[in-house]
Amino acid sequence: ARHRGDQEPFDPEAEPEEDAAGDAHDMYIIRDITFFGVERRILVQDAGGASPLVAICNVLILRNQIVLSPAVYHVTSKDLLEKLNNLLLDLHATTLEAEDARSTY
C-alpha cells in the first residue's frame, strides 16, 4: 500500500511531465549581441535563477563551438542538451583520431 507523500520510483527513461503551460522542457530566449566586435547569439533566462546549462552553452556559443541558427529566437533545454552532447561526441572522436594518428608513427 502506498502512503501519502510516497513518490513513484525514478524512471530515467520516462518522458518529462508537462507543466501548467503544456511545455515539457524549459525554453530559453536567444538574444543577438556584439562580443569583442563579433556578432554572436547568447541564451537568456527569463525566470528560475542561474542555470549551469545556460552558462556552459553561452561559453561554448561565444567560443563558436555551438552555433544557434539565426532564424531561431527560442530554444528548449532538450535542444541545448542535444547540441552539447553532439559537441562532446565530436570532441571525443577527434581525440581518438589524434591518438590513432600518433600511435601509427
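Look up: the structure comes first, before these words.
The structure reproduced in this document is the subject of the present report.

Our next topic: the pattern of salt bridges. As enumerated under the stated definition, the model contains one salt bridge in all. Between Arg 41 and Asp 32 there is a salt bridge, with the nearest N and O atoms lying 2.7 Å from each other. Since its relative accessible area comes to 9%, Arg 41 is described here as buried. Using a relative accessible area of 46% as the deciding quantity, one classes Asp 32 as partly exposed.

This part is about the pairing of strand β1 (residues 27-35). Of the pairings in the sheet, the one linking β1 to strand β3 (residues 74-76) comprises three bridges and is antiparallel in character. Of the residues in β3, the one forming a bridge with Ile 29 is His 74. Judged from the seven bridges that link them, β1 and strand β2 (residues 38-44) form a sheet pairing that is antiparallel. Each residue of the ladder has a partner; that of Ile 29, found in β2, is Val 44. Between β1 and β2, which pair antiparallel and follow one another directly, the connecting turn spans two residues, one of which, Phe 36, has a positive phi of 50 degrees.

A word on the nonpolar core. Formed by 14 residues in total, the largest nonpolar core has its most connected members in Tyr 28, Leu 43, Cys 57, Ile 66, Val 75 and Leu 80. Elements supplying a minimum of two residues to this core: β1, α1 (52-62) and α2 (77-103). It is α1 that contributes the most residues to this core, five residues altogether. Once residues lying within four places of it in the same chain are set aside, the contact partners of Cys 57 are Leu 43, Ile 66 and Leu 80.

Among the secondary structure elements, Arg 40 is positioned in strand β2. The buried charged residue Arg 40 lacks any salt bridge, with Glu 39 as its nearest oppositely charged partner at 9.4 Å. Not counting residues within four places of it along the chain, the set of residues in contact with Arg 40 comprises Arg 31, Asp 32, Ile 33, Phe 35, Ile 61, Leu 62 and Asn 64.

Before going further, it helps to examine the packing of aromatic side chains. Tallied over the full model, the rule gives one aromatic pair. Between Phe 35 and Phe 36, the ring centres sit 4.8 Å apart and the planes meet at 80 degrees, which makes this aromatic pair edge-to-face. On the basis of relative accessible area, Phe 35 is assigned to the partly exposed category, the value being 30%. Since its relative accessible area comes to 76%, Phe 36 is described here as exposed. Residue placement shows Arg 41 over the ring face of Tyr 73; its charged tip is 5.0 Å from the ring centre.

Looking at α1, one finds that the buried residues are Leu 53, Val 54, Cys 57, Asn 58, Leu 60 and Ile 61. Around the axis of α1, the buried residues are gathered within 165 degrees of arc, so they sit on the same side. Positive phi appears at Asn 64, one or two residues downstream of α1, with a value of about 65 degrees.

Quick notes on the rules
Residues numbered from 1 in each chain as written. Predicted model: local features only at pLDDT ≥ 70, side-chain atom pairs only at ≥ 80, totals over all residues. Heavy atoms only, no water. Salt bridge = Lys/Arg side-chain N within 4 Å of Asp/Glu carboxyl O. Buried < 20%, exposed > 50% of the residue type's maximum accessible area, 1.4 Å probe, protein only. Pairing = 2+ DSSP bridges. Helix = DSSP H or I, 4+ residues; strand = E, 2+ residues; numbered from the N terminus. Core = buried A, V, L, I, M, F, W, Y, C linked by side-chain atoms within 4.5 Å. Contact = heavy atoms within 4.5 Å. Lys, Arg positive; Asp, Glu negative; His and termini not counted. Phe/Tyr/Trp six-rings, centres within 6.5 Å; stacked < 30°, edge-to-face > 60°. Lys NZ or Arg CZ within 6 Å of the ring centre and 35° of its normal. Arc of directions from axis to C-beta.

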